[in-house]
Amino acid sequence: MPVSNPLRKFVDRVNHYPSWLSAKLMTWVFRNKVKLVSTAKIDILRTDGRSVTFRQRNIKRTQNHIGGVHAAAMILLAESATGFICGINLPGDKLPLVKSMNFRFVRRSVGDMQAVATLTDAQIEQMQRDEKGAITVTVVVTDQSGEQPIECDIVWAWVPKKPKAA
C-alpha cells in the first residue's frame, strides 16, 4: 500500500475551500518550499489532482531584454508545474527527480504565461505502484494570446527516499 503523501493531503483539503483561497494557500506552500518559484512569483491557479495550472506574470524581474517573459522563466514555469503534479501523486516515501527536459522555442511570447501539466490515470497508477520509474509529463505552455511560444518534453523519475540519519 502506498505511503501517505502530506502534500497531496494538503491539496485535497484546501481544494474544498473557495477557489481563490485554495489557490493562494497552494501558492504560498509551494513558494515556501521552492525558493526560485517564490523569487519569480509563480502562482498556482488550480489543480484537480490530475492536472495543475501555473501562471507566470510578465513582471520586470522575469523579463528578457525585449520585455517578454525570459526563456529561463518559461522553463521554470513548465518544470514547476510538472514537478508539482508529480509530487502530489507520488507516495510519500518516493522522491521526484527531473530526469530530462527538452524545450523548443517556436515563437515570441506575449504577456503573461500559463503552464498546464497533466497526468493520465495510467501514469498515476504507475507512480503509486512502482518502486522506481520515469514518465513523460504532458505540459502545455501558452502566452496571453493563447498560443504556445515553447514546446516542452519533461521526463520525471522517482526513487525511494533514503531514511534520515539519526
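Notes on the structure in this doc start here. Bear in mind the structure is a predicted one, so any value in this text is a computation, not a measurement. (Residues numbered from 1 in each chain as written. Predicted model: local features only at pLDDT ≥ 70, side-chain atom pairs only at ≥ 80, totals over all residues. Heavy atoms only, no water.)

1. Quick word on the pairing of strand β4 (residues 113-118)
Of the two faces of β4, the one holding Met 113, Ala 115 and Ala 117 is buried and the one holding Gln 114, Val 116 and Thr 118 is not buried anywhere. In the sheet, strand β2 (residues 51-56) pairs with β4 via 6 bridges, with the strands oriented antiparallel. Within the sheet, the bridge partner assigned to Thr 53 lies in β4 and is Val 116. Looking at chain direction, β4 and strand β5 (residues 133-143) are connected through 6 bridges and run antiparallel. Within β5, the position partnered with Thr 118 by the bridge is Thr 138. (Buried < 20%, exposed > 50% of the residue type's maximum accessible area, 1.4 Å probe, protein only. Helix = DSSP H or I, 4+ residues; strand = E, 2+ residues; numbered from the N terminus. Pairing = 2+ DSSP bridges.)

2. Considerations on the pattern of salt bridges
Enumeration over the complete set of coordinates arrives at 12 salt bridges. Residue Asp 93 is joined to Lys 94 by a salt bridge in which the shortest nitrogen-to-oxygen separation is 3.1 Å. In this structure Asp 93 comes out as partly exposed when scored by relative accessible area, which is 28%. The class for Lys 94 is buried, based on a relative accessible area of 8%. Here Asp 153 ties to Arg 104 by a salt bridge, and the two come within 3.1 Å at their closest N and O atoms. Of this pair, Asp 153 sits in strand β6 (residues 150-160) while Arg 104 sits in strand β3 (residues 94-105), and the two are 49 residues apart along the sequence. Overall, Asp 153 belongs to the partly exposed group, its relative accessible area being 34%. On the basis of relative accessible area, Arg 104 is assigned to the partly exposed category, the value being 31%. Taken together, the shared-partner salt bridges in this structure form one network comprising Arg 31, Asp 43, Arg 55 and Arg 57. (Salt bridge = Lys/Arg side-chain N within 4 Å of Asp/Glu carboxyl O.)

3. Topic: the nonpolar core
Proteins that are soluble and globular tend to have nonpolar side chains buried together. Membership of the largest hydrophobic core comes to 39 residues, with the highest contact counts inside it found for Val 52, Phe 54, Phe 84, Val 137, Val 139, Val 141 and Cys 152. Element by element, the count of residues in this core is highest for helix α4 (residues 71-89), at 10 residues. When sequence neighbours within four positions are dropped, the list of residues in contact with Val 137 reads Thr 82, Ile 85, Cys 86, Ala 117, Thr 118, Leu 119, Ile 154 and Trp 156. (Core = buried A, V, L, I, M, F, W, Y, C linked by side-chain atoms within 4.5 Å. Contact = heavy atoms within 4.5 Å.)

4. Quick notes on a positive patch on the surface
The grouping of Lys 33, Lys 35, Lys 161 and Lys 164 at the surface amounts to a positive patch. Along the chain, Lys 35 falls in helix α3 (residues 35-40). A relative accessible area of 53% means that Lys 35 is categorised as exposed. (Patch = residues over 30% accessible without salt bridge, like charges linked within 9 Å, V, L, I, M, F, W, Y side chains within 5 Å. Areas by Shrake-Rupley, 256 points an atom, 1.4 Å probe, with all protein chains shown as cover. Lys, Arg positive; Asp, Glu negative; His and termini not counted. Charge placed at Lys NZ, Arg CZ, Asp CG, Glu CD.)

5. Regarding the packing of helix α1 (residues 6-14) against helix α2 (residues 19-33)
Between α1 and α2, the shortest axis-to-axis distance is 9 Å and the interhelical angle comes to 160°. In terms of orientation, α1 and α2 fall into the roughly antiparallel class. The way α1 lies across α2 gives a crossing that is right-handed. Facing Phe 10, Val 11 and Val 14 of α1, the residues of α2 in contact are Ser 22, Leu 25, Met 26 and Val 29. The residue inventory of the contact of α1 with α2, partitioned by class, reads 6 nonpolar, 1 polar and no charged. (Axes fitted to C-alpha atoms, helices over the stretch in contact; angles between N-to-C directions. Parallel < 35°, antiparallel > 145°, perpendicular 65-115°, else oblique. Left-handed = near helix turned anticlockwise from the far one by under 90°. Nonpolar A, V, L, I, M, F, W, Y, C, P; charged D, E, K, R; others polar.)

6. Comments concerning unusual backbone geometry
You will see that Lys 41, though not glycine, has its phi angle at about 60°, which is positive. Inspection of the secondary structure assignment puts Lys 41 in the loop between α3 and β1 (43-47). Taking relative accessible area as the criterion, Lys 41 reaches 36% and is therefore assigned partly exposed.

7. Here we look at α1
Within α1, the full set of buried residues consists of Phe 10, Val 11 and Val 14. Down the axis of α1, the buried set is contained in an arc of 95°. They therefore lie on one face. Turning to α1, the residues buried within the fold contact α2, β1 and α4. The residue sitting at the N-terminus of α1 and contributing the capping side-chain oxygen is Asn 5; that oxygen lies 2.8 Å from the backbone nitrogen of Leu 7. (Arc of directions from axis to C-beta. Polar contact = N/O pair within 3.5 Å; in protein donor to acceptor, adjacent residues only side chain to side chain.)

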